[in-house]
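# An overview of the molecular structure
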Amino acid sequence: MFPLWSAHGIVSLEVLPRYERIAFEKSLVAPQGQALAAFVCPGHPLLDATIDLTLERHRDLLRRGTVLVDENDAGTQPRVLFYLEHSIQDASVTRTGVRRVISKQMQYVELDTAGNASHIRYAPYLDYRPLTAEETHVDAILGRPECAWITKELEQRALSHAVGSVVPEHLSEVRNRKLELIAKTEAAVKDRLTKEINYWDHRAEELKFQEQAGRKNARLNSGEARKRADGLEGRLQKRMEELKLEGQISALPPVVLGGFLVVPVGLLAVLSGKPAPVMRSTVDNLAVAAKARAIVMEIERRLGFEPVDRENDKLGYDIESLIKNEGRLRFLEVKGRAAGADTVTVTKNEILYSLNKPEDFILAIVEFHPDGSHKAHYIRKPFQREPDFGVTSVNYDLTELLERAERPEKED
């Protein structure tokens, strides 16, 4: 073991100079006939060290930015997306003398040609792809009149939007959760330590009375019992002070790490002189998608849940549904398809979210029949593995998915 230094100081004292095997999936940690592997996941010192060193050496690339292509946008108006780092701190002080950071998030703010700013909540770049070598050069894209609005001032506009909208939301989310936890902790600590203090107070009085009567306890005297009671009083006071500091929560200013240009595939077609790409069939248009979500939300209400449409937030799912008696959320990605369709297209974001929340994620497919009727299918754990690095979306066989589907009425 050895300490590893980075831009943030010592990364970990647990990074080994050599690993016999590492694995990124739990199922591969201990395969039969092979040595046990270190499970590399968020929080593992090797991964943390690698990320820190990569950022230390190549952080300037984030500031330079890049161009990514949105293959689901047939329009010709580009967008600019900035990514920011935002932290929430409390009043506790770490061993290095700085206030403790209790939450750190990457935030994404997108700006369009009309000057509108929006908060994109979930790693949007995963659904885009880089320019290929055969496509138009970056300089040609930036020289187009459609990109004339892109100036250095955009960064400040993105930062202002983050300060006005994104930061308060992050702060409120963390503060509400943290204060609720602190209140529970404070009640539990008071209850436990007060009982112990009362016990030792009572024990000290008992021992004092016995000593006055000439019956001394060889193992414990009243002074020792009183000392324990006083020590617990000190512990209680110190813990209450610590919890008070933990409750003093404040937001640090957001920091812009970099940004990139999002080019619609329709603009690339214009630049190359090709016809504009034809997007998916009418069952995938916005009206049908909204109809499918409305159907699924009504099903959720009928099942006794409280659904909220989050499609515009681009979180990796369309509907957030509260299970009231458990206080737990389940997440539904909704797809509308004509009966007899061959495939369902799912973005990389949606697949990754389903794998991150396997017990709470549902793929809901609504089949629309020619006679105007429809049928909804719920599929648990619809995807088995994450897409390859360069993949932005995947087509799944609709028939195979429906073979694993269940009726919504059977859920929960």
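The notes below deal with the structure included here. (Residues numbered from 1 in each chain as written. Predicted model: local features only at pLDDT ≥ 70, side-chain atom pairs only at ≥ 80, totals over all residues. Heavy atoms only, no water.)

## Comments concerning the side chain of Arg129
Relative to the helices and strands, Arg129 is located in strand 9 (residues 129-130). Within the local environment of Arg129, its side chain forms a polar contact with the side chain of Glu135, the two groups lying 2.7 Å apart. Excluding its chain neighbours within four sequence positions, the residues that come into contact with Arg129 are Leu68, Val69, Glu71, Glu135, Leu268 and Thr392. (Helix = DSSP H or I, 4+ residues; strand = E, 2+ residues; numbered from the N terminus. Polar contact = N/O pair within 3.5 Å; in protein donor to acceptor, adjacent residues only side chain to side chain. Contact = heavy atoms within 4.5 Å.)

## Some thoughts on the pattern of salt bridges
With the rule as written, the count across this model stands at 32 salt bridges. The closest approach of N and O atoms between Arg177 and Glu173, which form a salt bridge, is 3.8 Å. Remark: Glu173 and Arg177 occur in helix 3 (residues 154-212); sequence separation between them is four residues, near one turn of the helix. Classification of Arg177 by relative accessible area gives partly exposed; the value is 48%. (Salt bridge = Lys/Arg side-chain N within 4 Å of Asp/Glu carboxyl O. Buried < 20%, exposed > 50% of the residue type's maximum accessible area, 1.4 Å probe, protein only.)

## Considering the nonpolar core
Of all hydrophobic cores here, the largest spans 28 residues; its most connected members are Phe260, Phe361, Leu363, Ile365, Phe383 and Leu401. For this core, the secondary structure elements donating two or more residues are strand 6 (79-93), strand 11 (255-264), strand 15 (343-347), helix 7 (348-356), strand 16 (361-368) and helix 8 (398-403). Setting aside residues up to four positions removed in sequence, Leu363 forms contacts with Glu333, Lys335, His377, Tyr378, Ile379, Pro382, Phe383 and Leu401. Counting residues in hydrophobic clusters, the runner-up holds 20 residues, among them Leu154, Ala158, Val265 and Leu267. (Core = buried A, V, L, I, M, F, W, Y, C linked by side-chain atoms within 4.5 Å.)

## Description of the side chain of His377
In this fold, His377 is placed in strand 17 (residues 374-380). For His377, a relative accessible area of 9% gives the class buried. Side-chain polar atoms of His377 contact the side chain of Glu367, separated by 2.8 Å. In this structure, His377 is in contact with Leu363, Ala364, Ile365, Glu367, Leu402, Ala405 and Glu406, ignoring residues within four places of it in sequence.

By themselves, these observations are geometric and do not establish any function.
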